[in-house]
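Below are the chains, spelled out letter by letter.
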Amino acid sequence: IVQDPATLFDECVDETIVFLVTLILYYKTSTHTMPEWFPPGIYPAFLVLYTIWHFIFPLKQRRPLWSAMARVCRAPLTSPSFFETYVADVFTSMVKILLDLLWTICFVISGDFLITETVDENANDSRHEWQHSKWYKQYLVTIICLFPLYIRLMQCLRKYNDTGDRIPNLLNAFKYTLSQVVTLFGAFFPVLNLRCHNSSQCTHMSGFQMVWLAIFIFSSTYSWVWDIYMDWGLGRRGYNWLGPRLMFPSVFHYYGVMAADLVLRFMWMQSLIPPSSGAHFELPAYLTFMNMTLELVRRTLWSFFRLENEHRARTKHYEEPDVNFVPLHFTTAQSHK
C-alpha cells in the first residue's frame, strides 16, 4: 500500500532521531566525554542493523520494493517496463550512496567497528586497511560504479531486441556506454598516469588526459541533450525550444530546469569517477556529500518532467471526449489510496 505523505514524514522523523542519537553517542565516546562502555564503532554498527530492519519490515510494505529491484536487476533476461527503466534510472543517480553502502559493509564485516578510535602514535594503525587494497579500490568500487549503468545498458539492448527499433534504443545504449567508458578511465587512471613526463606530478596534460577530458565533456553533453529532447520531450524548435501540451503552469519551470540540468549533469559525471582515482578534476572528499545531494535533486527534477513526457505520450491517443479511461504508464503491484 502506498503510504500518505504524513505517514512517510513521521517515519523519516523517527529514523532521523535514531540517527542523531547514535551520532551523538559515537561522538561523545570517541572524544572521551562520556564513559566508553562500548567501542565507539558499536553505535554505527547498531545504526546499520536498525536500517536493515527497516528495509525488511513491515514486510507487506517492503516486499514491492525488493520485488521491483529484483526485476530491475534481472535485465536483460526480461523485457523492461517503463516502471523498471524508471527505477534503473534512479539507480544511476545513487552511485555515491552505493559506494557508501559498500564501505559500510566492509566496515562491519572486517570487524573495524570493534577497534577503538584511539590511535597509538608508536603503533601501526591497522584500521580500514582494506579500503587501500587493490581489490577494493580498483575492483569492487569500479563494479559498483558500473553496475547501475550496466543495468540500463542491458535494458536498452533488450528493448531493441524486442522491438527492433534502433532509435531511440541503440542511441540510449550508446549514452550508457559512454558513461561506462568514463568510469573505466577513472578507475585505471593512476596506472596510465605513469606515462606522464614527470615522475608523479604532471605539469601539463598528457595525451591520455586530453582524451579522457574530451570523452568526459562529450558524455555529459550527450546525456544533457538526451534528457531534454528524449526524456522530457522538450527542445522542439517550433515550440520555443520547449514542447507541445505543456502541463506545468509556467514556461520558466522548463527553461530553469534545462539550465540546472546542464550544470548538474557535469557534476553527476564526477560521481562516476571512482574515489582516489588521481583525476585532476576529481572533487575533494569534503564536497562528496554536496555532490551526492545535488544529484538526487537533479534526479528528482528529472523525474517530474520525465513522467510528464511519458504521460503526454501515453494520452495523446485518448483525447476524444467519449474516452473515459486512460491507461496508466506506472504499472505496479501496489494498491493506491
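Since this is a predicted model, take the numbers as computed values, not measurements. (Residues numbered from 1 in each chain as written. Predicted model: local features only at pLDDT ≥ 70, side-chain atom pairs only at ≥ 80, totals over all residues. Heavy atoms only, no water.)

**Comments concerning the packing of helix H4 (residues 82-92) against helix H11 (residues 288-315)**
Look at H4 against H11: their axes get within 11 Å of each other, and the N-to-C directions meet at 160°. One finds that H4 runs roughly antiparallel with respect to H11. H4 and H11 meet at a crossing whose hand is right-handed. Residues Phe82, Tyr86, Asp89, Val90 and Thr92 of H4 form the contact with H11, whose participating residues are Arg299, Trp302, Ser303, Arg306, Leu307, Glu310 and Arg314. Here the contact of H4 with H11 is built from residues that sort into 5 nonpolar, 2 polar and 5 charged. (Axes fitted to C-alpha atoms, helices over the stretch in contact; angles between N-to-C directions. Helix = DSSP H or I, 4+ residues; strand = E, 2+ residues; numbered from the N terminus. Parallel < 35°, antiparallel > 145°, perpendicular 65-115°, else oblique. Left-handed = near helix turned anticlockwise from the far one by under 90°. Contact = heavy atoms within 4.5 Å. Nonpolar A, V, L, I, M, F, W, Y, C, P; charged D, E, K, R; others polar.)

**Quick word on H4**
Burial analysis of H4 places 10 of its 11 residues in the buried class, the great majority of the element. Residues Phe82, Phe83, Glu84, Thr85, Tyr86, Val87, Ala88, Asp89, Phe91 and Thr92 constitute the buried set of H4. (Buried < 20%, exposed > 50% of the residue type's maximum accessible area, 1.4 Å probe, protein only.)

**Some remarks on the layout of surface pockets**
A volume near 590 Å³ is recorded for the second largest pocket. Surrounding the second largest pocket, 29 residues form its lining, Lys159, Pro168, Asn172, Asp231 and Arg306 being those nearest its centre. Within the residue set of the lining of the second largest pocket, elements represented by two or more residues are H4, helix H6 (134-163), helix H7 (169-187), helix H9 (207-231), helix H10 (251-271) and H11. With 7 residues, H11 is the single largest residue contributor to the lining of the second largest pocket. (1 Å grid on protein atoms, 1.4 Å probe; cavity = no way out; pocket = protein on both sides within 12 Å on 5 of 7 lines; lining within 4 Å. Points joined across faces, edges and corners; volume = space filled by probe spheres on them.)

**Quick notes on a negative patch on the surface**
Taken together, the side chains of Asp4, Asp10, Asp14 and Glu15 define an acidic patch exposed on the protein surface. As for its placement among the helices and strands, Asp14 is situated in helix H1 (residues 5-30). Residue classification places Asp14 among the partly exposed residues on the basis of a relative accessible area of 45%. (Patch = residues over 30% accessible without salt bridge, like charges linked within 9 Å, V, L, I, M, F, W, Y side chains within 5 Å. Areas by Shrake-Rupley, 256 points an atom, 1.4 Å probe, with all protein chains shown as cover. Salt bridge = Lys/Arg side-chain N within 4 Å of Asp/Glu carboxyl O. Lys, Arg positive; Asp, Glu negative; His and termini not counted. Charge placed at Lys NZ, Arg CZ, Asp CG, Glu CD.)

**Looking at the side chain of Thr142**
Note that Thr142 resides in helix H6. Looking at Thr142, its side chain comes within polar contact range of the main-chain oxygen of Gln138, at 2.7 Å. (Polar contact = N/O pair within 3.5 Å; in protein donor to acceptor, adjacent residues only side chain to side chain.)

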